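One-letter residues, chain by chain:
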Amino acid sequence: MELHGERSGRRTQDIDIAIAVDKWEEFKTIEYEITQLPDFKKDPKTATTVFISE
């Protein structure tokens, strides 16, 4: 996988992103905004995972 011209050397095709927030309400707002983007979906199996559907 390549991101910004750098190769990760990993075999998986995912990108992990961490966002620090003070309150769950802030997380829920961010999660909502992300899931409004095309192809982004909430993972129904976890509380904090959003993924790009193919």
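What counts, and at which threshold
- Residues numbered from 1 in each chain as written.
- Predicted model: local features only at pLDDT ≥ 70, side-chain atom pairs only at ≥ 80, totals over all residues.
- Heavy atoms only, no water.
- Phe/Tyr/Trp six-rings, centres within 6.5 Å; stacked < 30°, edge-to-face > 60°.
- Helix = DSSP H or I, 4+ residues; strand = E, 2+ residues; numbered from the N terminus.
- Buried < 20%, exposed > 50% of the residue type's maximum accessible area, 1.4 Å probe, protein only.
- Salt bridge = Lys/Arg side-chain N within 4 Å of Asp/Glu carboxyl O.
- Patch = residues over 30% accessible without salt bridge, like charges linked within 9 Å, V, L, I, M, F, W, Y side chains within 5 Å.
- Areas by Shrake-Rupley, 256 points an atom, 1.4 Å probe, with all protein chains shown as cover.
- pLDDT = per-residue confidence, 0-100.

1. Considering the packing of aromatic side chains
Here is step 1: The final tally for this structure, using the stated rule, is 1 aromatic pair.
Here is step 2: An angle of 85° between the planes, with centres 5.4 Å apart, marks the rings of Trp24 and Phe27 as edge-to-face. With Trp24 and Phe27 both in helix 1 (residues 24–35) and 3 residues apart, this pair spans about one turn of that helix.
Here is step 3: Since its relative accessible area comes to 16%, Phe27 is described here as buried.

2. A short note on the pattern of salt bridges
Close approach of charged atoms allows side chains of opposite charge to pair.
Here is step 1: By the definition in use, this model includes 2 salt bridges.
Here is step 2: Residues Lys28 and Glu31 are paired through a salt bridge, measuring 3.6 Å at the closest nitrogen-oxygen approach. Here Lys28 and its partner Glu31 are both found in helix 1, 3 residues apart, which amounts to about one turn of the helix.
Here is step 3: Residue classification places Lys28 among the partly exposed residues on the basis of a relative accessible area of 43%.
Here is step 4: Between Glu31 and Lys42 there is a salt bridge, and its shortest N-O distance comes to 3.4 Å. Pair noted here: Glu31 is in helix 1 and Lys42 is in strand 3 (residues 40–42), with a separation of 11 residues, a long-range link.

3. A closer look at unusual backbone geometry
It is generally the case that most residues other than glycine have a negative phi and that most peptide bonds are trans.
Here is step 1: Of note in this structure, Asp39 is not a glycine but carries a positive phi near 75°.
Here is step 2: Along the chain, the position of Asp39 falls in the loop between helix 1 and strand 3.

4. Thoughts on a nonpolar patch on the surface
Here is step 1: Nonpolar side chains collect at one region of the surface, where Ile15, Ile17, Ile19 and Val21 lie side by side and expose about 380 Å² of accessible area between them.
Here is step 2: Within the element layout of this structure, Ile15 appears in the loop between strand 2 (6–7) and helix 1.
Here is step 3: By relative accessible area, Ile15 is classed as partly exposed at 47%.

5. What to know about the confidence of the model for the chain
Here is step 1: Confidence in the prediction of the chain, expressed as mean pLDDT, is 79, and 74% of residues score 70 or more.
Here is step 2: Per-element confidence in the chain ranges from a low mean pLDDT of 62 for strand 1 (residues 2–3) to a high of 89 for helix 1.

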